[in-house]
Amino acid sequence: MIVNPQSFNYRLIIGSLIVAVAVLTVYSFTSYKSIVAHQQFIEQEKKLVESELSQMITRYDDVSISNDLISSQLEDAKRNTKLALDSLRMLRSDLSVISKFKDQLFNLKLKNKALFKTIDSLDEANQGLEQEKLLAYNELKKQKRENSSLLKENEDLEKSLEKGALITANSFKAKGYEKFFGAKRSSNKAKRVQSIEVCFTLAENSLTEAGEKELYIQILNPKNNVVADKGAINFGNSSLIYSAKELINYSNEVLEVCLDVDADIDEQPLVSGTYYISIFHKDRKLGSTEVKLK
């Protein structure tokens, strides 16, 4: 068989070209897939960095602190993080850019770790202070309650002492008398009675202030009129119309007191009925009794 050398060469060249084209096609396809995969990796890395930067900004917004220095540092960190995020979104993505921002993210994380550690320490300190404040407040409330209770006890004690120091009287008696030749004799006849004798006993009381005491006698006749009206004495907002006044010297011991109350001339003869007698020290009633005249 006779082979044409020129034809053979053409075939060899065409075969070589086909192989070259095939190899080039495979290489190009492989390179394209590699480029696409690389670009996807870069985009994924970019999104991860953006996500972490966004989370950092959100965390800054969630923090509330009253310390001016720490608050200023937070604002600076937030501003730097937002600048980094905005720059990352604007720049064309490539591996060098992503590497640069990952380094920047790493540095921000280190600063944030120290910053938030300080904030946590301040929060713990503030919680401790709030707990101490609450304990102090509760202790203050307890102290106020105790003081209020003591004040009430003191007030009650003072009232008890005041009450215990009041002058007291008992054994109240009254009797009508007529005058007979310069002497007097008892009588229960209204038309004969010219005076009413009132007797009572002042009790012993060491708490009462010793000294002169003004005692007032009020006698009301059956018509509710004051017998032997001596006028009125005022005690603050109250007043007392009295029939007689007696000044006695009280020395904290038992003291028997008797005094006569003479009816006025225009009141005689006295009307029949029950006469009500009350004894007062200032505006306080010590006691009372009554006498019946026929």
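For clarity, every value in this text was computed on a predicted model and none was experimentally measured.

**Focus: the sheet that holds strand β10 (residues 284-293)**
Now for step 1: Strand order across the open sheet formed by 4 strands is β7-β4-β9-β10, with antiparallel pairing between neighbours. Taken across any chain shown, the strands that pair with only one partner, and hence form the sheet edges, are β7 (244-250) and β10. Pairwise comparison of adjacent strand axes, ignoring direction, gives a mean angle of 25° for this sheet.
Now for step 2: Alignment of strand β4 (residues 211-220) against strand β9 (residues 273-281), held across 6 bridges, turns out to be antiparallel. From the neighbouring strand, Gln218 faces β9, where its bridge partner is Ser278.

**Notes on the layout of surface pockets**
Now for step 1: Put simply, the largest pocket is a space of about 230 Å³.
Now for step 2: For the largest pocket, the lining is made up of 14 residues, of which Leu166, Ile167, Lys213, His281 and Lys282 are closest to its centre.
Now for step 3: Sort the elements by how many residues they give to the lining of the largest pocket and β4 lands first, with 4 residues.
Now for step 4: Looking at the lining of the largest pocket residue by residue, the class counts come to 5 nonpolar, 2 polar and 7 charged.

**A few points about the side chain of Thr289**
Now for step 1: Residue placement: Thr289 occurs in strand β10.
Now for step 2: Ignoring any residue separated from it by four or fewer positions in sequence, one finds Thr289 in contact with Phe172, Lys173, Ala174, Tyr275, Tyr276 and Ile277.

**Some remarks on the pattern of salt bridges**
Now for step 1: Throughout the structure, instances matching the rule amount to 4 salt bridges.
Now for step 2: Across the pair Glu197 and Lys184 runs a salt bridge, and its minimum N-O distance is 3.3 Å. Placement of the pair is Glu197 in strand β3 (residues 195-202) and Lys184 in strand β2 (residues 183-186), with a sequence separation of 13 residues.
Now for step 3: Lys245 is the partner of Glu214 in a salt bridge, and the nearest nitrogen-oxygen pair spans 3.9 Å. A residue pair is termed long-range when its members are at least 10 positions apart, and Glu214 in strand β4 and Lys245 in strand β7 qualify at 31 residues.
Now for step 4: When its relative accessible area of 35% is taken as the criterion, Glu214 is described as partly exposed.
Now for step 5: Residues participating in the shared-partner salt-bridge network are Lys184, Glu197 and Asp260.

**Some words on the nonpolar core**
Now for step 1: Membership of the largest hydrophobic core comes to 29 residues, with the highest contact counts inside it found for Phe200, Leu202 and Ile217.
Now for step 2: Taken together, the elements giving at least two residues each to this core come down to β1 (169-180), β3, β4, β7, β8 (255-262), β9 and β10.
Now for step 3: Here this core gets 4 residues from one element, more than from any other, and that element is β3.
Now for step 4: Setting aside residues up to four positions removed in sequence, Phe200 forms contacts with Ala169, Asn170, Ser171, Phe172, Leu215, Ile217, Leu255, Glu256, Val257, Leu259 and Ile279.
Now for step 5: Listed in part, the 5 residues of the second largest apolar core include Phe235, Leu240, Tyr242 and Phe280.

**Side note on the packing of aromatic side chains**
Now for step 1: The final tally for this structure, using the stated rule, is 4 aromatic pairs.
Now for step 2: Ring plane angle 70° and centroid distance 5.1 Å describe the contact between Tyr216 and Tyr242, whose orientation is recorded as edge-to-face. With Tyr216 in strand β4 and Tyr242 in the loop between β6 (238-241) and β7, this pair connects stretches of sequence that are 26 residues apart.
Now for step 3: Under the relative-accessibility criterion, Tyr216 is labelled buried at 3%.
Now for step 4: The class for Tyr242 is buried, based on a relative accessible area of 14%.
Now for step 5: The ring centre of Tyr177 lies 4.5 Å from the NZ or CZ of Lys184, which sits over that ring.
Now for step 6: Sitting over the face of the ring of Phe180, Arg185 holds its NZ or CZ atom 4.1 Å from the ring centroid.

Rules of the game
- Residues numbered from 1 in each chain as written.
- Predicted model: local features only at pLDDT ≥ 70, side-chain atom pairs only at ≥ 80, totals over all residues.
- Heavy atoms only, no water.
- Pairing = 2+ DSSP bridges.
- Helix = DSSP H or I, 4+ residues; strand = E, 2+ residues; numbered from the N terminus.
- Axes fitted to C-alpha atoms, helices over the stretch in contact; angles between N-to-C directions.
- 1 Å grid on protein atoms, 1.4 Å probe; cavity = no way out; pocket = protein on both sides within 12 Å on 5 of 7 lines; lining within 4 Å.
- Points joined across faces, edges and corners; volume = space filled by probe spheres on them.
- Nonpolar A, V, L, I, M, F, W, Y, C, P; charged D, E, K, R; others polar.
- Contact = heavy atoms within 4.5 Å.
- Salt bridge = Lys/Arg side-chain N within 4 Å of Asp/Glu carboxyl O.
- Buried < 20%, exposed > 50% of the residue type's maximum accessible area, 1.4 Å probe, protein only.
- Core = buried A, V, L, I, M, F, W, Y, C linked by side-chain atoms within 4.5 Å.
- Phe/Tyr/Trp six-rings, centres within 6.5 Å; stacked < 30°, edge-to-face > 60°.
- Lys NZ or Arg CZ within 6 Å of the ring centre and 35° of its normal.

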